[in-house]
Each structure stands twice: as structure tokens, then as C-alpha cells.
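Residue strings, one per chain:
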Amino acid sequence: MNVNFRYLLTISMVTALGGLLFGFDISVISGTIPFIQEFFGLNETMKGWVVSSALIGCILGASFSGRLGDKFGRKKVLMVTALLFGISAIGSGFSNSIPAFVFYRILGGLAVGGASVLAPVYIAEVSPAHLRGRMVSINQLTIVIGISLAYYSNWFLLGIGENAWRWMFAAEAVPALMFFVALFIIPESPRWLVTREKEEKAKTVLGKIGGGDFASFELKEIKASLEGNEKRGTLKDAFKKKYAFILFLGIFLAVFQQWSGINVIFFYAPDIFAKANLGVDTALFQTTLIGLMNVVFTIIAMQVIDKMGRKKLLLIGASGMAVCYAVIGFLFSTGRTGDWMLLTFIIITPAFFAFGLGPTVWVILSEIFPNKIRGAAMSVATLSLWVACYLLTLTFPIFVELFNASNTFWLYAVICIVGFLVIFKYLPETKGVTLEKLEKMLVKE
């Protein structure tokens, strides 16, 4: 098969710009916390609410975007998310009250939720099996690039003064506009086109990706997977008994990715460094190192995910994060918060995440669900992910206040150990298998 790699990479990169905005949007808040806490007069509980408010939008966006993508197409719904990103960026940056600020953050969350469901699904649906892991990982790479851009942008804009936080948010409007314009050049997903009885268009898209033989083979596989079924599965279909095992795996991996505790590092890193007696400027600079480590190890993961397989990467990531959290908890318990080791392990933790849980969970979620229920099931899994993320982000300041930082990080270490054991026992390897063959492997008739 002669894959037109340049074309495949182009349409995957365009779609993955949704991931870049996803990463930027959820991380930009980290550098603004000292400013908005002072501007809005927030206590610890209110700070947790304001920081996590965007995740309410993520939950809603993830709930509906899969079904909207099934109905109107992946491309059209992604274009709507691009517009929402831009409106949220400007609105958040120029809000003067907590209700207005929270509203625009929730609006951005809707876009994040939609992009987190549809970008990896689209890339998986256009990619040949032997390249799918690497292609879907592009979405995770752009997420971590977006996180890093937010960190560097925050640090760069810090010198503006007391209104720096406004420009930190507004800066997101630029990549949002780029995403919206770039989406005009990509085709609709061939698997979605088949469900809408547009087989010739689907064959044309597949032909541009892998040639005529590839297009004919894939079209036959897609039609066979839909044969005898309704063209589009409903949310009720996703909860049928025969899909129970797949749905359990999807929900567990989605929740575990968040309750591994990683977004505590991404969202609250400057706050954690501040508790270690670093100034705001120094704390924001140290946070940029986290972003850099995240990008580097995501790139490494992309190079090996289709060789080593998904399961090994997840096990390495989970075990590494468990060790890091155990050490971080120890350093807080012994009062060594100014120790170089704290900075080191806070930076190493995202490296293990980026090598394992970060890209790999999104790849597996885009792979394991059958064609018929992919949109609905992906929404359920991604909804679970954002609910878990919201609860994690909301509860971290409260847990630290109630149980102290050391016990909180030790809790995340235990969760990583539990995740390791479940993945080791129940998760099958999915590398190099077509989406339709995976369906035959995983669906329990």
C-alpha cells in the first residue's frame, strides 16, 4: 500500500489544531491564578471553583459532540468548536465580574470537550492501521504543545503588569482563528460518509490517502461492520450488554488518565511552586520546564507507540508516576519543599505521563469503539474523563487544606498503582489492527 503520507499528515495536523487549543485553553488559567485571585478576591474554595469552571463546559461539550458529530459530520462540529474557542478567549480576557468570567470559561470548555472527542476520532478514521497510533498521537502532541504555549505565553506576558492576565486569555484567539480557516481544507471522515450513504465521496477520500486498492479494501471493511445495523448508533446502543467490556475499558482509562493526578501539576504548578516559596516570575518560568518536558516525551512516545504497543507505554507511565508522587509526598511530609528534588520530580511526573497515559489513552479511545457506536461511546468515555478532571481540579486545593499536600500526593500514587494493575490484567494490545478487526475482537456477542 502506497500511503500518501504528506496528505495524511496534513489533514491530521489540521484536525489536531483542536488539540493545541484544548491544551492552551485548559492550561492558560495556571499562570493567571495569582492575578484573578487578587482581582476577584477569591478564597481557596472559590479559587478551586473558578479554576475548574471551564471543565463544566468540557463535560457538556463531551456529552453532545459525539452525537452532533455523528449527525452533522466531524468537520462541521470542529468548525463550531473553533469559533467557541475564539469567543471564549476574548470574553474571558475582558471580563470584569466572576459570573461573566465563569460564563466565558465554560464556553471555552464546550469547545475543549468537543475537540477532545472529535479530533482523535477523525484522525483514527482516516488513518491506515499501521500508522494509526502515530497519527492519533499527533493530537496529543498538539495538546502538550498547546500547554507549553500557554505556559510560555503567560511567562512572556507577565511583564505587562496588573492586566497581564487579560492578555494571557485573549492570546488564544489567534490559534482559534487559524484552526477555523485551516478546517476548510480537510475532507469529511470517510467512515462518517459511509454512514450517510455517500460511498463515492468516502472512496475518493480513502483513495487520496492510500490509493485505489486501499480505498476498496477499507470501504468493504466499513460496510461490513455496518451491515445489518442502523447506520448510526444511539447512546442507548452504546450501553448494550455486548459493548459492556469495551465501554468499561474506555471509561476506566478516561477516568484514570485524569485521576492519575496529572492536571494537578498542569493547572496548579505555579501555585505549588509558590507554596515552595518561589516568586510568581520564578514559578511561571519553572512551569515552562514542565511544558518542555511534556512535549519532548510525547514526541518520543509517538516514535515508539506503533512498535512497542499501547499497553507497555501505559504500564511504564503509570508505574513511573506512582514513584514520582510517592517521592513528592515524602518531600512535603519532611518539609523539604525548597529542595531541588521537588522541582525535579514535579517536572519528571509529566514526562512519564507524556510517554504513557497522555497520548496512549486517546489513541485507545479512538480505536476500541465499533463504527456503529463510535461517536456515542467516545462521548461517554470523554464525558467521564472531563467529570473526573473537574472533580480532580476542584478538590485539589480542598484536599491539601484538609489532609495536607503529602497525603494528597500519596493518594495519587495509590491510584496510579491501581490503574497499573487493571491495565495489566484487562487491556488487550491494539497496535496494527484495523478498526473493524478490533470490533470483532472486543465485542462480546
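Above this text is the structure in question.
Residues numbered from 1 in each chain as written. Predicted model: local features only at pLDDT ≥ 70, side-chain atom pairs only at ≥ 80, totals over all residues. Heavy atoms only, no water.

A. Region of the structure containing the packing of aromatic side chains. Tallied over the full model, the rule gives 23 aromatic pairs. Judged by centre distance (4.9 Å) and plane angle (90°), the rings of phenylalanine 39 and phenylalanine 40 are edge-to-face. Overall, phenylalanine 40 belongs to the buried group, its relative accessible area being 14%. With a centroid separation of 6.1 Å and 70° between ring planes, the pair formed by phenylalanine 396 and phenylalanine 409 is classed as edge-to-face. Taken together, the residues span a long stretch of sequence, with phenylalanine 396 in helix H17 (residues 374–403) and phenylalanine 409 in helix H18 (residues 405–426) at a distance of 13 residues. In this structure, phenylalanine 396 and phenylalanine 409 share a single accessibility class: buried. Through a chain of ring-to-ring contacts, the aromatic side chains of Trp259, Tyr325, Phe332, Phe396, Phe409 and Tyr412 assemble into a single cluster. The ring of phenylalanine 424 is capped by lysine 311, whose NZ or CZ atom sits 5.9 Å from the centre of that ring. (Phe/Tyr/Trp six-rings, centres within 6.5 Å; stacked < 30°, edge-to-face > 60°. Buried < 20%, exposed > 50% of the residue type's maximum accessible area, 1.4 Å probe, protein only. Helix = DSSP H or I, 4+ residues; strand = E, 2+ residues; numbered from the N terminus. Lys NZ or Arg CZ within 6 Å of the ring centre and 35° of its normal.)

B. Structural view of helix H19 (residues 435–442). For H19, every residue scored as buried is listed here: Leu435, Glu436, Leu438, Glu439 and Leu442. All buried residues of H19 project into a common sector of 155° when viewed along the axis, lining one side. (Arc of directions from axis to C-beta.)

C. Here's a closer look at the nonpolar core. Formed by 144 residues in total, the largest nonpolar core has its most connected members in Phe369, Trp386, Phe409 and Tyr412. Look past the residues within four positions of tryptophan 386 in its chain and what remains in contact with it is Phe22, Ile26, Leu55, Cys58, Ile59, Ala62, Val112, Gly113 and Ser116. (Core = buried A, V, L, I, M, F, W, Y, C linked by side-chain atoms within 4.5 Å. Contact = heavy atoms within 4.5 Å.)

D. Up close: a positive patch on the surface. Side chains of Lys71, Lys76, Arg196, Lys198 and Lys201 sit close together on the surface and give a patch of like positive charge. The topology assignment puts lysine 76 in helix H3 (residues 74–93). (Patch = residues over 30% accessible without salt bridge, like charges linked within 9 Å, V, L, I, M, F, W, Y side chains within 5 Å. Areas by Shrake-Rupley, 256 points an atom, 1.4 Å probe, with all protein chains shown as cover. Salt bridge = Lys/Arg side-chain N within 4 Å of Asp/Glu carboxyl O. Lys, Arg positive; Asp, Glu negative; His and termini not counted. Charge placed at Lys NZ, Arg CZ, Asp CG, Glu CD.)

E. Representation of the packing of helix H14 (residues 310–333) against helix H15 (residues 340–355) within the structure. Their axes nearest at 8 Å, the elements H14 and H15 cross at an angle of 165°. Classified by the angle between their axes, H14 and H15 sit roughly antiparallel to one another. In this structure, H14 crosses over H15, and the sense of that crossing is left-handed. Of H15, the residues touching H14 (which contributes Leu313, Ile316, Gly317, Gly320, Met321, Cys324, Tyr325, Val327, Ile328, Leu331 and Phe332) are Met341, Leu342, Phe345, Ile346, Ile348, Thr349, Phe352, Phe353 and Phe355. (Axes fitted to C-alpha atoms, helices over the stretch in contact; angles between N-to-C directions. Parallel < 35°, antiparallel > 145°, perpendicular 65-115°, else oblique. Left-handed = near helix turned anticlockwise from the far one by under 90°.)

F. Summary view of the pattern of salt bridges. Counted according to the given criterion, the structure contains eight salt bridges. We note a salt bridge from glutamate 125 to arginine 74, for which the minimum N-O separation is 2.8 Å. Of this pair, glutamate 125 sits in helix H4 (residues 98–126) while arginine 74 sits in helix H3, and the two are 51 residues apart along the sequence. Both residues of the pair, glutamate 125 and arginine 74, belong to the buried class.

G. Summary view of unusual backbone geometry. For glutamate 197, which is not a glycine, the phi torsion comes out positive at approximately 60°. Here glutamate 197 shows up in the loop between helix H8 (190–195) and helix H9 (199–226). Positioned with a positive phi, asparagine 404 is a non-glycine residue whose angle comes to about 75°. Residue placement: asparagine 404 occurs in the loop between H17 and H18. Exposure remark for asparagine 404: the relative accessible area of 37% places this residue in the partly exposed category.

H. Main features of a nonpolar patch on the surface. A contiguous nonpolar surface patch, about 490 Å² in accessible area, is contributed by Tyr152, Trp155, Phe285, Leu292, Val296 and Ile300. The leading source of residues in the nonpolar patch is helix H13 (residues 280–308), at four residues. In this fold, valine 296 is placed in helix H13.

I. Main features of the environment of valine 80. Here valine 80 is to be found in helix H3. Taking the relative accessible area as the measure of exposure, valine 80 reaches 46% and is therefore partly exposed. Separated by 35 residues in the primary sequence, valine 80 and alanine 115 have C-alpha atoms spaced 9.7 Å apart.

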